[in-house]
Structures are given as structure tokens and as C-alpha cells.
Amino acid sequence: MEFTRHWHRADFDQLDKLYRVNLVNSLSGFKSANLIGTVDAAGNANLAMFSSLVHLGANPPLVAFINRPDSVERHTLDNILATGWFTVNQVNNAIWQQSHQTSARYPREVSEFDATGLHTAPCPVCPAPFVAESRLRYACRLVEHQTLRVNGTVMVIGEIEYLETDEAAIAKDGYIDIERLGTVAVSGLDSYHRTRRLDRLQYAKPDRPVRPLGSAGNRD
């Protein structure tokens, strides 16, 4: 492949701001699209789209996401620090447009649930609400948050205390078939995608060739 465009580090500073934001946000490829649900100390619900959620470990079960620096209002982070809880709700093909709308800068007193037509569902272990329309959702207890000195963003780390989804989407080895749930991915800031799985592959070992595993987790 012939590369027809090239940028050095100094070139980024000369780009139009919006062009640079779109360019750099596209570099990480497909990302998970999740709605983070929170409440403030008075119980008012908040909902926001995040594409920075990452897996940190399975034992204990930890996830993390990146929150904006304090140069802007941070309703989600403020609520998590006040209550110690948040929910993660995967975005699916039925709610991707409403989910995107939650990224609008609504005033603190406006609930994104009300503004977008999404609905709350109670969580059995925490005050933060689930998104009723989400097909894979879980509740997290705040265990740590760190401000990154390099750019002032905040990494929020949560431990999964409760998880729910459709049993039909879970393979016998614990793999969750998110395509069966209609889960969508996001690239850049505003491009949403349905995916098509190529296959699952067996755990890689140096003395064994690559072998298909299948979505059901069959290891024959």
C-alpha cells in the first residue's frame, strides 16, 4: 500500500481544530459505545455517552473510562464522586441515535433520559439507574480515580458488582456474543457501526497453529 498523506508531530499543531480532533479520534479504530448512568446526591439521573471504556482485569472485575478535564462541567464524574457508583449500558442498534444525543451539553438540571426519550430501570445494588433499552448492562462501584498530569483528564476505575444480559447471548465458555445483542461500535466521534464477526480463535500457543474456535466456544 502506498501512503499518500504524512504528518509529523509539529504538523498537528497547524491543523484546523475540528480537523485535528476528528483525525486523532479516528486513530484508535472501532471503540465500544457505552452509556454511563449516574445520579447526584439528590437522586437526579444523568446519562452520558463514552467511547473510552476499557477492560482492566477479570479478578477482580475492573473497567475504566476517561473523563474530560475540569475545564468543562463534569456531571458524570461529579455524580460518581458524590455517590460512589455508576452503571455501564452498552449501546445497541435500536438506541444508537438517542445515545449519541446524550453527548449534547445539557444543563446540569436536565436529565438526558428525559431529553432523549430513553428510560431508567432500577439497579438492584446501587442508586445509579440502568438504561431500560440496553441489552447488556452492569453496575460499578468506584474504587479509584486518577487525574492524568499529561492532559488533565481523569481515569475512573470501577469494580463490577452486578451484571445482567440475555442468557441466550452467553456461550458455554462465558463469551458474550455482543453481535447477537445488536451492540454497535463507534469510530471517531460520530460514526456508528454494526459489526460482522470473522470468527473466534483458540488461545494462541507457540507450538500450535491458529485454529477457529467458533462463537459457541467449541474447542474440538
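In what follows, the structure referred to is the one given above.
Residues numbered from 1 in each chain as written. Predicted model: local features only at pLDDT ≥ 70, side-chain atom pairs only at ≥ 80, totals over all residues. Heavy atoms only, no water.

Participant: How should I be thinking about the overall build of the protein chain in this particular structure?
Facilitator: Regarding its fold elements, the protein chain presents five helices and 12 strands. Scaling as 2.2 N^0.38, a compact globule of 220 residues should have a C-alpha radius of gyration of about 17 Å, and the protein chain matches this with 19 Å. Principal-axis analysis of the C-alpha atoms places the extent of the protein chain at approximately 55 × 50 × 30 Å. The buried share of the protein chain, taken over its 220 residues, is 37%. Intrachain contacts of the protein chain at a sequence separation of at least 6 include 56% that bridge at least 24 residues. In the protein chain, 23 side chains carry a positive charge and 25 a negative one; their mean positions are 6 Å apart. (Helix = DSSP H or I, 4+ residues; strand = E, 2+ residues; numbered from the N terminus. Rg over C-alpha atoms; globule rule 2.2 N^0.38 Å. Buried < 20%, exposed > 50% of the residue type's maximum accessible area, 1.4 Å probe, protein only. Contact = heavy atoms within 4.5 Å. Lys, Arg positive; Asp, Glu negative; His and termini not counted. Charge placed at Lys NZ, Arg CZ, Asp CG, Glu CD.)

Participant: Even after reading the chapter, I still don't get the sheet that holds strand E3 (residues 45-50), so can you show me in this structure?
Facilitator: Strand order in the open sheet made by the seven strands is E3-E2-E6-E9-E10-E5-E4, with antiparallel pairing throughout. Here the strands that pair on one side only, and so sit at the sheet edges, are E3 and strand E4 (54-58). When strand polarity is set aside, the average angle formed by the axes of neighbouring strands in this sheet is 30 degrees. As paired elements, E4 and strand E5 (residues 61-67) share four bridges and run antiparallel to each other. Within E5, the residue paired with Val54 across the bridge is Ala64. Contacts between helix H3 (residues 75-83) and the sheet are confined to strand E2 (34-39), E3, E5, strand E6 (85-90), strand E9 (136-147) and strand E10 (154-165), with E2 contributing the most and set at about 50 degrees to the helix. (Pairing = 2+ DSSP bridges. Axes fitted to C-alpha atoms, helices over the stretch in contact; angles between N-to-C directions.)

Participant: I keep staring at the pattern of salt bridges and nothing clicks. Help me out?
Facilitator: Between side chains of opposite charge, pairing is possible as soon as their charged atoms come close. One pass over the structure, following the stated rule, counts eight salt bridges. Residues Glu159 and Arg141 are paired through a salt bridge, measuring 3.0 Å at the closest nitrogen-oxygen approach. Placement of the pair is Glu159 in strand E10 and Arg141 in strand E9, with a sequence separation of 18 residues. Take Arg141: its relative accessible area is 30%, and that puts it in the partly exposed class. Residues participating in the shared-partner salt-bridge network are Arg141, Glu159 and Glu161. (Salt bridge = Lys/Arg side-chain N within 4 Å of Asp/Glu carboxyl O.)

Participant: What am I meant to see in the layout of surface pockets here?
Facilitator: Space left empty within the atom packing is revealed by a probe, the size of a water molecule, rolled over the atoms. One number sums up the size of the largest pocket: a volume of about 1400 Å³. Here the residues of the lining of the largest pocket sort into 14 nonpolar, 14 polar and nine charged. Computed from the structure, the second largest pocket encloses a volume of approximately 590 Å³. Forming the walls of the second largest pocket are 24 residues, and the residues nearest its centre are Ser32, Leu53, Gln90, Leu136 and Tyr138. Of all the secondary-structure elements, those providing two or more residues to the lining of the second largest pocket are strand E1 (31-32), E4, E5, E9 and E10. When the residues that make up the lining of the second largest pocket are grouped by side-chain class, the tally is 16 nonpolar, seven polar and one charged. (1 Å grid on protein atoms, 1.4 Å probe; cavity = no way out; pocket = protein on both sides within 12 Å on 5 of 7 lines; lining within 4 Å. Points joined across faces, edges and corners; volume = space filled by probe spheres on them. Nonpolar A, V, L, I, M, F, W, Y, C, P; charged D, E, K, R; others polar.)

Participant: Just checking my understanding: could you explain the environment of Gln14 for this structure?
Facilitator: Within the secondary structure, Gln14 sits in the loop between helix H1 (9-12) and helix H2 (17-26). The exposed category is assigned to Gln14, whose relative accessible area is 67%. Linking Gln14 and Glu167, residues 153 residues apart in sequence, is a C-alpha distance of 51 Å.

Participant: What's the story with the pairing of E10 in this structure? I'm lost.
Facilitator: Here is the key point about a regular strand: its side chains alternate between the two faces of the sheet. In this structure, E5 lies alongside E10, joined through six bridges in antiparallel fashion. Bridge assignment links Ile66 to a residue of E10, and that residue is Met155. Here 11 bridges tie E9 to E10, and the two strands are oriented antiparallel to one another. Across the sheet, Arg141 pairs through a bridge with Glu159, a residue of E10.

Participant: Looking at this structure, I do not really get unusual backbone geometry. What am I missing?
Facilitator: A negative phi angle is the norm for most residues apart from glycine, just as the trans form is the norm for most peptide bonds. A cis amide bond, omega 5 degrees, links Asn59 with the succeeding residue Pro60. One can find Pro60 in the loop between E4 and E5.

Participant: How should the side chain of Asp177 be read in this particular structure?
Facilitator: Structurally, Asp177 can be placed in the loop between E10 and strand E11 (185-187). The buried category is assigned to Asp177, whose relative accessible area is 14%. When residues no more than four places from it in sequence are discounted, the contact partners of Asp177 are Ala169 and Arg197.

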